[in-house]
Amino acid sequence: MVRYSKLPFRLFVRDYGVDMTYTPMILAHEFIRSPIARDSDYTTCPLERQPTSSDGRQHALIAQFASSEPTEFARAAEMIGPWVDGVDLNCGCPQSWAMKEGIGCSLMSSPSLVAEMVRAARSRLSPEQSVSVKIRIHKDLDQTVRWVKEVEAAGVTFITVHGRLRSQRSSTVPDYAAIKELRKHVSVPLVANGDAYTLADVREIAKLTDADGVMAARGILENPALFAGYDATPMEAIRRFLGYAVRCPISLPLVLQHISEMTVRVEGMGKKERRRLMECRDLVELIDYVEEKWGLDEGRVKVDDVGG
């Protein structure tokens with residue numbers, strides 16, 4: 001997800017049953033050339049490499065890149081390698097700017113190039129680290145089958161499949177049958193993506209696709225606790241996220257956007273209240289608003305609320 005899955009959010013969702021987290025999609029050519037871009041796109045901390053204290057669960061961290069050049073992607077993988085468990089090449093972003101840049105979904109017409117990029121990144125990482133790709137499907141599913149077979153032969157570790165065409169909007173129901181068909185043609189693990197908003201959705205998607213895992217993107221923004229079995233964001237999770245945002249600062253507009261997404265199903269959060277939320281001028285004002293609105297003052301947001 002562009003911008004959203006920065007450090008505090010990644011730490012936060014680990015507390016709610018997530019096994020693997022991804023960085024925001026990073027432009028590889030900017031990452032390898034600009035220290036400012038690297039500092040903006042990727043930050044981490046020792047806590048992110050430790051098991052979660054509540055259950056002792058170890059979590060994988062994947063850096064996702066957008067690129068169309070093998071050497072560029074390999075160099076980015078090498079640079080970020082010491083701090084992640086693997087890298088992912090985004091071949092599924094349908095946005096027009098990505099298509100113009102020759103990245104994202106535009107790579108779905110270039111399997112040989114993607115295979116070369118996978119081999120290049122694979123050569124720069126340790127055998128224990130993964131090199132994966134995230135894709136969408138073609139209208140002609142046979143074309144997708146040929147695509148994944150060529151990329152698998154290049155040594156890809158796993159493949160994530162978003163069950164929509166490049167041209168389809170999020171209102172279109174994902175084609176889970178297509179993902180199930182692709183599962184028959186690859187021997188590496190396959191992860192299904194598309195419309196996972198609750199744990200019941202996750203289980204149904206796994207059943208319909210025979211996938212080895214299920215990825216949530218928009219769903220986890222709205223309900224970060226979905227993998228822990230919550231059908232909507234619990235109020236205590238909002239306090240926990242703010243604790244991580246205090247400990248690992250990100251921009252205030254991004255924090256506000258996260259809280260806005262998490263409260264989309266909360267009763268009483270109409271236009272007036274949402275406007276009031278977005279008018280908060282700093283984290284202190286936001287924390288005061290949250291405590292006043294949802295009665296969380298018995299657990300004032302503190303740095304030691306999280307990661308202990």
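Note that this is a predicted model, so its numbers are computed, not measured.

With that settled, consider the UniProt feature "active site" (unreviewed entry) in the protein. The sites that carry the UniProt feature "active site" (unreviewed entry) are, in the present numbering, Cys-93. By the secondary structure assignment, Cys-93 is in the loop between β4 (86–91) and α5 (96–100). Not counting the four nearest positions on each side in its chain, Cys-93 is found in contact with Met-25, Ala-98, Met-99, Gly-104 and Cys-105.

As a further point, take the state of the cysteines. A disulfide bridge is the covalent bond that connects two cysteines by way of their sulfur atoms. Here the structure, examined in full by the defined rule, presents 0 disulfides. With no disulfide partner, Cys-45 has as its closest neighbouring cysteine sulfur the one in Cys-248, 4.6 Å distant. For Cys-45, a relative accessible area of 19% corresponds to the buried category.

Moving on to the pattern of salt bridges. What the rule picks out here adds up to 17 salt bridges. With a closest N to O distance of 3.0 Å, Asp-15 and Arg-240 form a salt bridge. Within this pair, whereas Asp-15 is found in the loop between α1 (7–14) and β1 (20–22), its partner Arg-240 is found in helix α11 (residues 235–247), the two being separated by 225 residues in sequence. Its salt-bridge partner being Asp-55, residue Arg-57 comes within 3.3 Å of it at the nearest N-O pair.

As enumerated under the stated definition, the model contains 8 aromatic pairs in all. With a centroid separation of 6.4 Å and an interplanar angle of 75°, the aromatic rings of Tyr-16 and Tyr-230 are classed as edge-to-face. Here the residue Tyr-16 occupies a position in the loop between α1 and β1, and Tyr-230 occupies one in the loop between α10 (218–222) and α11, the gap between them amounting to 214 residues. Relative to Trp-294, the ring of Tyr-289 lies with its centre 6.1 Å away and its plane at 90°, an arrangement referred to as edge-to-face. Relative accessible area serves as the criterion here: at 15%, Trp-294 is assigned to the buried category. Linked through ring pairs, Phe-9, Phe-12, Tyr-16, Tyr-230 and Phe-241 together constitute an aromatic cluster.

Here is what the cut-offs are and how they apply
Per-chain numbering applies: the sequence of each chain, read as written, is numbered from 1 onward. The model is predicted, so local features are restricted to residues of pLDDT at least 70 and side-chain atom pairs to those at 80 or more, both for listing and for counting; the totals for chains, interfaces and linings are taken over all residues. The side-chain figures draw on all heavy atoms in the structure; neither hydrogens nor water molecules are used. UniProt positions are given in the numbering used here, feature names are shortened, and annotations may be inferred rather than shown by experiment. Labels follow the DSSP assignment, with helices taken as runs of H or I lasting at least four residues and strands as runs of E lasting at least two, numbered in each case from the N terminus. Residues are treated as being in contact if the distance between any of their heavy atoms lies within 4.5 Å. Throughout, a disulfide means two cysteine sulfur atoms within 2.5 Å of one another. Residue exposure (1.4 Å probe, protein chains only): buried if accessible area is under 20% of the type maximum, exposed if over 50%, otherwise partly exposed. What makes a salt bridge here is a side-chain nitrogen of Lys or Arg within 4 Å of a carboxyl oxygen of Asp or Glu, nothing more. Stacked, edge-to-face and tilted are the three classes for Phe, Tyr and Trp ring pairs, Trp counted by its six-membered ring, which pair at centre distances within 6.5 Å; planes under 30 degrees apart are stacked, over 60 edge-to-face, the rest tilted.

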